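What follows is the residue order along each chain.
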Amino acid sequence: MKTILIMRHGEATPMQADDAARQLTETGHQEASRMGQWLATHHKPDALLVSPYIRAQQTALDATQHISLQFNETCSDITPDGVPQIAADYLETLIAMHPDCNTWLVVAHMPIVSYLVDQLSPGHMPIFNTGAVAVIEYDEHKQRSHYLSIHSPNNVEI
């Protein structure tokens, strides 16, 4: 059994022409760091898949600063306009290719984070606050997932 953690980036600067260049605000950095502390205490991811957009990269860096990762990849399939089926298929392929990694953290954006949860565990499409993390249990042998919960920076205990 594996764990998939799907995280929305922290609060970012307002929309601009170059969406990929948007950065985290101070609040966004705090959200990501707080969730990183929560992750290190409760789930300890050992693999990371992150969007190439700056705010997602910053979130991943803040969230994993005290976590030792065995695998880390930037993935252009998990941008805001990514295709959830492609992202889910790629994630499942990576999980199969890296059997020593038991807990996968995916850092991306709305709306793909919600769509990805639904793709992996049909019927579950949570709304993600900034910095929120959805927890999914994944049986790699049956290729089936079970949505467990969602946690936001303002409601986690560290």
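Our subject is the structure listed above.
The structure presented is a predicted model; accordingly, all values stated were derived computationally and were not measured.

1. A short note on the environment of threonine 74
- Topologically, threonine 74 is positioned in strand E3 (residues 71-74).
- Residue class for threonine 74 comes out partly exposed when judged on its relative accessible area of 43%.
- Residues threonine 74 and cysteine 101, spaced 27 residues apart in sequence, show a C-alpha to C-alpha distance of 16 Å.
- When neighbours within four sequence positions are excluded, threonine 74 is seen to be in contact with Val50, Ser51, Pro52 and Gln57.

2. Quick notes on the packing of aromatic side chains
- Under the defined criterion, the tally for this structure stands at one aromatic pair.
- Here phenylalanine 71 and tryptophan 104 contribute two aromatic rings whose centre-to-centre distance is 5.4 Å and whose plane-to-plane angle is 50°, an arrangement assigned as tilted. Here phenylalanine 71, found in strand E3, pairs with tryptophan 104, found in strand E4 (residues 103-108); they are 33 residues apart in sequence, far enough to count as distant.
- Exposure remark for phenylalanine 71: the relative accessible area of 12% places this residue in the buried category.
- On the basis of relative accessible area, tryptophan 104 is assigned to the buried category, the value being 0%.

3. Considerations on the pairing of strand E1 (residues 2-8)
- Across the seven residues of E1, seven count as buried, placing the element largely inside the fold.
- Neither face of E1 is left uncovered, since the one carrying Lys2, Ile4, Ile6 and Arg8 and the one carrying Thr3, Leu5 and Met7 both have all their residues buried.

4. Structural notes on the packing of helix H1 (residues 26-42) against helix H2 (residues 54-63)
- Interaxial distance between H1 and H2 falls to 7 Å at its minimum, and their mutual angle equals 40°. Between H1 and H2, the angle falls in the class oblique. For the pair H1 and H2, the sense of crossing is right-handed. Across from His29, Ala32, Ser33 and Gly36 in H1, the residues of H2 making contact are Gln58, Thr59, Asp62 and Ala63.
- Among the residues making up the contact of H1 with H2, the classes are represented as two nonpolar, five polar and one charged.

5. Re the sheet that holds strand E5 (residues 133-139)
- Taking strand neighbours across the sheet as the criterion, the six strands line up as E3-E2-E4-E1-E5-E6 in an open arrangement whose pairing is mixed. Strands with a single pairing partner mark the edges of an open sheet, and in this sheet they are E3 and strand E6 (144-151). Neighbour-to-neighbour, the strand axes of this sheet turn through a mean angle of 15°, independent of strand direction.
- Judged from the four bridges that link them, strand E2 (residues 47-50) and E3 form a sheet pairing that is parallel. Counterpart to alanine 47 in the pairing with E3 is phenylalanine 71.
- Each of E1, E2, E3 and E4 is contacted by H2, which is oriented at about 160° to E2, the strand it contacts most.
- Helix H4 (residues 112-120) rests against E1, E4, E5 and E6 of the sheet, and its axis sits at about 155° to E1.

Conventions used here
Residues numbered from 1 in each chain as written. Predicted model: local features only at pLDDT ≥ 70, side-chain atom pairs only at ≥ 80, totals over all residues. Heavy atoms only, no water. Helix = DSSP H or I, 4+ residues; strand = E, 2+ residues; numbered from the N terminus. Buried < 20%, exposed > 50% of the residue type's maximum accessible area, 1.4 Å probe, protein only. Contact = heavy atoms within 4.5 Å. Phe/Tyr/Trp six-rings, centres within 6.5 Å; stacked < 30°, edge-to-face > 60°. Axes fitted to C-alpha atoms, helices over the stretch in contact; angles between N-to-C directions. Parallel < 35°, antiparallel > 145°, perpendicular 65-115°, else oblique. Left-handed = near helix turned anticlockwise from the far one by under 90°. Nonpolar A, V, L, I, M, F, W, Y, C, P; charged D, E, K, R; others polar. Pairing = 2+ DSSP bridges.

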